[in-house]
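This is what each chain is made of:
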Amino acid sequence: MSIFQIASLGVYGLLAILSLVAIAIGFYKTAQFSRMGVGRRAEAETILDDWLNGRVDQAISAAGRRRSVLSRILQAVFSGIQARPTDVTYAEELSRQTAIIELATMSERMRALDMVVQAAPMLGLLGTVIGMIDAFSVLAVAEGAVDPTTLAGGIYVALTTTAAGLVVALFAFFIATWLEGRIDRERNMIEALMSAAIHGRVDPNTVK
């Protein structure tokens, strides 16, 4: 086995590792989001309705259970307003700090997925280049006619690394896009709930 063939096998091994990394991160983030309570909008809307309709104790009690990201944000808002009723900037700052912590936790491991998306195609291309060098090196040392079947087989094997790299990158890209979409939706809901809890809701039917 030539050094080029060993290098090609190394590229396949690295691509396999990257695919496992993407799968592991996908499962980890799904479990993490479930544990954090990401996307539990209905519960947060109920807490906010209780708060705005004067059921303060009920809203504070529900938010204090801290069963979701949005409820923890609302708890920070309620704590700030109760501590300094005349200073809304204090509640805004408390909720902002809480939001930063929550979003930072939600964004963990996302850079690793981005790394997989960018590295997999380059590794695949590297494997193809190595394989092509190996295939055409046969021509360089051949003294007579070269079997086209052998040359075509080498090129075929070389090109499969690019295909494998693209498959891994696309798989990781879809996972990353889905996770980032959930994070973006949660970020938008955090901002909307923070503003509504402090300044009240805006009825879209009254806005011209």
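Up top you'll find the structure we're talking about.
Quick look at the structure, then. The structure displayed is predicted, hence computed values, not measured ones.

The next thing to look at is helix 2 (residues 41-52). Compared with an ideal rise of 1.5 Å per residue, which puts 12 residues at 16 Å, helix 2 spans 16 Å between its outermost C-alpha atoms and is within 8% of the ideal. Taken together, the buried positions of helix 2 are occupied by Glu43, Ala44, Glu45, Ile47, Leu48, Asp50 and Trp51. Looking one or two residues beyond helix 2, the residue adopting positive phi is Gly54, at roughly 90°.

Together, Leu20, Ile23, Phe27 and Phe171 make up a nonpolar patch on the protein surface, roughly 420 Å² of accessible area in all. For the nonpolar patch, the leading source of residues is helix 1 (residues 3-36), giving 3 residues. Note that Leu20 resides in helix 1.

To continue, consider the packing of helix 2 against helix 3 (residues 56-64). Close contact between helix 2 and helix 3 brings their axes to 7 Å; oriented N to C, the two are set at 150°. The orientation of helix 2 relative to helix 3 falls into the category roughly antiparallel. In terms of crossing hand, the pair formed by helix 2 and helix 3 is left-handed. Facing Ile47, Asp50 and Trp51 of helix 2, the residues of helix 3 in contact are Val56, Gln58, Ala59, Ile60, Ala62 and Ala63. Among the residues forming the contact of helix 2 with helix 3, the class breakdown is 7 nonpolar, 1 polar and 1 charged.

Contact geometry for helix 4 (residues 69-83) and helix 5 (residues 88-106): axes closest at 7 Å, N-to-C directions at 160°. Here helix 4 is positioned roughly antiparallel relative to helix 5, judged by the angle of their axes. At the point where helix 4 passes helix 5, the crossing takes the right-handed sense. Contacts from Val69, Arg72, Ile73, Ala76, Val77, Ser79, Gly80, Ile81 and Ala83 of helix 4 reach helix 5 at Tyr90, Ala91, Leu94, Ser95, Thr98, Ala99, Glu102 and Met106. Grouping the amino acids of the contact of helix 4 with helix 5 by side-chain chemistry returns 11 nonpolar, 4 polar and 2 charged.

Helix length check: helix 4, at 15 residues, gives a terminal C-alpha distance of 21 Å against a target of 21 Å (1.5 Å per residue), a fit within 8%. Buried residues dominate helix 4, accounting for 11 of its 15 residues. Inspection of helix 4 places Val69, Leu70, Ser71, Arg72, Ile73, Leu74, Ala76, Val77, Phe78, Gly80 and Ile81 among the buried residues, and these make up the whole buried set.

Parameters and conventions
Residues numbered from 1 in each chain as written. Predicted model: local features only at pLDDT ≥ 70, side-chain atom pairs only at ≥ 80, totals over all residues. Heavy atoms only, no water. Helix = DSSP H or I, 4+ residues; strand = E, 2+ residues; numbered from the N terminus. Expected span 1.5 Å × (residues − 1). Buried < 20%, exposed > 50% of the residue type's maximum accessible area, 1.4 Å probe, protein only. Patch = residues over 30% accessible without salt bridge, like charges linked within 9 Å, V, L, I, M, F, W, Y side chains within 5 Å. Areas by Shrake-Rupley, 256 points an atom, 1.4 Å probe, with all protein chains shown as cover. Salt bridge = Lys/Arg side-chain N within 4 Å of Asp/Glu carboxyl O. Axes fitted to C-alpha atoms, helices over the stretch in contact; angles between N-to-C directions. Parallel < 35°, antiparallel > 145°, perpendicular 65-115°, else oblique. Left-handed = near helix turned anticlockwise from the far one by under 90°. Contact = heavy atoms within 4.5 Å. Nonpolar A, V, L, I, M, F, W, Y, C, P; charged D, E, K, R; others polar.

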